[in-house]
Amino acid sequence: AKAAGKNTCRQFTEDMNVDALDKLKLKALLGTAIENDEFRLVFQPQINIETKAIVGAEALIRWRHPEQGEISPARFIPLAEESGLIVPIGRWVIEEACRQGKQWFDAGLGPFVVAVNVSAQQFNNGDILGLVEEILYGTGFPAHYLELEFTESGLLNDICHSISTIEQLKSLGVKLAIDDFGTGYSSLSYLKQFKVEKLKIDQSFVRDIGVNAESLEIIRAIIQLGKTLRLEVIAEGVETENQLQTLRALDCNEAQGYLISKPLPAADWMAFYQSWMARHGM
Ligand code: C2E
Ligand code: CA
Ligand code: CA
Ligand code: CA
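So, a few notes on the structure that sits alongside this text. (Residues numbered from 1 in each chain as written. Chains lettered and ligands numbered in written order. Predicted model: local features only at pLDDT ≥ 70, side-chain atom pairs only at ≥ 80, totals over all residues. Heavy atoms only, no water.)

The next point concerns the coordination of the calcium ion (ligand 4). Here the calcium ion (ligand 4) is held by Asp180 (OD) and Asp180 (OD), and the distances to it run 2.9 to 3.1 Å. Here the calcium ion (ligand 4) and the calcium ion (ligand 3) are spaced 3.6 Å apart, linked through Asp180, which binds each one. Residue position: Asp180 is located in strand E6 (residues 175-181). (Donors = N, O, S within 2.8 Å, 3.2 Å for Na, K, Ca; no water. Helix = DSSP H or I, 4+ residues; strand = E, 2+ residues; numbered from the N terminus.)

Below, the structure written as structure tokens:
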């Protein structure tokens, strides 16, 4: 048992080293990704469950390195946060999303909300307010169609700072959503102070529909909470018709997920949008 324990320990250390090397390498590559034009955004449609209209597009970052290939955001966003690179990357994301949104609106598409993920680090240390103001002004994208998605953990870091930043962002006209709702610290009492517009039910609960009765009760409770506080509620990760119909029966406002569409390259958005809207009589 002793030997096995020792062995396990050594193995663990080796894995850690490989991990650390990999992390260092990725961080270095990440440092030049913007200037080498390796990022792009994909957009995932969000629909109103009742009318089926596309009401939003969540921008999700993609990184393709010439040698490493496609690297998932779940892997590199945490590294970008650790190294502070999330600030320039986050700036690139908001700017590119607004630029793209403006182009679509100018072409006569929409309007619909363009939602952007803002990481904790970017929200707390990145002068998010000045940045958003500058980008809205620079791109000409209308503030009330820009939605910023935060996680609960990002907001709870420094509550006073969060409350005042949220207030100032709202005074610009920007919309705010809490992402992955239900998985964080579930700071229910702060919802009163963080005056956000929308809650995004985490996909782990949606995945459990029809499988786990507790998850369904959590979804029901979040939707009820949304009603009481007059917040929009969107469910993400909707993959099946059964999940969508369950969410509809619970009176959830909006849905996003593979059932409707995978995240789309910007070049494919217009065709998808037009055919979806036509198919649903709009
Ligand atoms: P998230 O914000 O919760 O985004 C939802 C993730 O679920 C996306 O993964 C999306 O592609 C995926 N997804 C959408 N519909 C479905 C579905 O029906 N089933 C399943 N299984 N998955 C679905 P993605 O694009 O790999 O992003 C992962 C995470 O990385 C995001 O989670 C977000 O936290 C982060 N991220 C992505 N883009 C950005 C960004 O531009 N900035 C920041 N700060 N974080 C980002
Ligand atoms: Ca999100
Ligand atoms: Ca989410
Ligand atoms: Ca997530």
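Mapped onto the elements of the fold, Leu225 is located in helix H9 (residues 213-229). Accessibility expressed as a relative area gives 22% for Leu225, which makes it partly exposed. Taking the C-alpha atoms as reference, Leu225 lies 28 Å from Ile128; in sequence the two are 97 residues apart. If near-sequence neighbours (up to four positions away) are discounted, Leu225 is found in contact with Phe181, Leu188, Leu191 and Leu199. (Buried < 20%, exposed > 50% of the residue type's maximum accessible area, 1.4 Å probe, protein only. Contact = heavy atoms within 4.5 Å.)

Looking at the metal site, the calcium ion (ligand 3) is ligated by Asp179 (OD), Asp180 (OD), Glu236 (OE) and Glu236 (OE), spaced 2.1 to 2.7 Å from it. Counting residues between consecutive donors of the calcium ion (ligand 3) along the chain gives the motif D-D-x55-E. Residue Asp180 is classed as partly exposed on the basis of its relative accessible area, which comes to 25%. By relative accessible area, which is 8% here, Glu236 ends up buried.

The nonpolar side chains of soluble globular proteins are, as a tendency, buried together. Counting residues in each nonpolar core, the largest one holds 81 residues, and the members touching the most others are Phe39, Trp63, Phe112, Val132, Leu146, Leu148 and Trp269. In terms of residue count, the dominant contributor to this core is helix H3 (residues 86-106) (9 residues). Discounting chain neighbours no more than four positions away, the residues touching Leu146 are Cys98, Val114, Val116, Val132, Leu136, Phe141, Val174 and Lys175. (Core = buried A, V, L, I, M, F, W, Y, C linked by side-chain atoms within 4.5 Å.)

What follows deals with helix H11 (residues 266-279). Between its first and last C-alpha atoms H11 spans 20 Å; for 14 residues at 1.5 Å apiece the expected length is 20 Å, and the two agree. Among the residues of H11, Trp269, Phe272, Tyr273, Trp276 and Met277 are the ones counted as buried. The inward-facing, buried residues of H11 contact strand E1 (39-48), strand E2 (54-65), H3 and strand E10 (264-265). Phi for Gly281, located one or two positions after H11, is positive at around 75°. (Expected span 1.5 Å × (residues − 1).)

Where helix H5 (residues 128-139) contacts helix H7 (residues 159-172), the axes come no closer than 10 Å and their chain directions differ by 10°. One finds that H5 runs roughly parallel with respect to H7. Across the interface between the two elements, Ile128, Leu129, Val132 and Glu133 of H5 pack against Thr165, Gln168, Leu169 and Leu172 of H7. Along the lines of polarity and charge, the residues of the contact of H5 with H7 split into 5 nonpolar, 2 polar and 1 charged. (Axes fitted to C-alpha atoms, helices over the stretch in contact; angles between N-to-C directions. Parallel < 35°, antiparallel > 145°, perpendicular 65-115°, else oblique. Nonpolar A, V, L, I, M, F, W, Y, C, P; charged D, E, K, R; others polar.)

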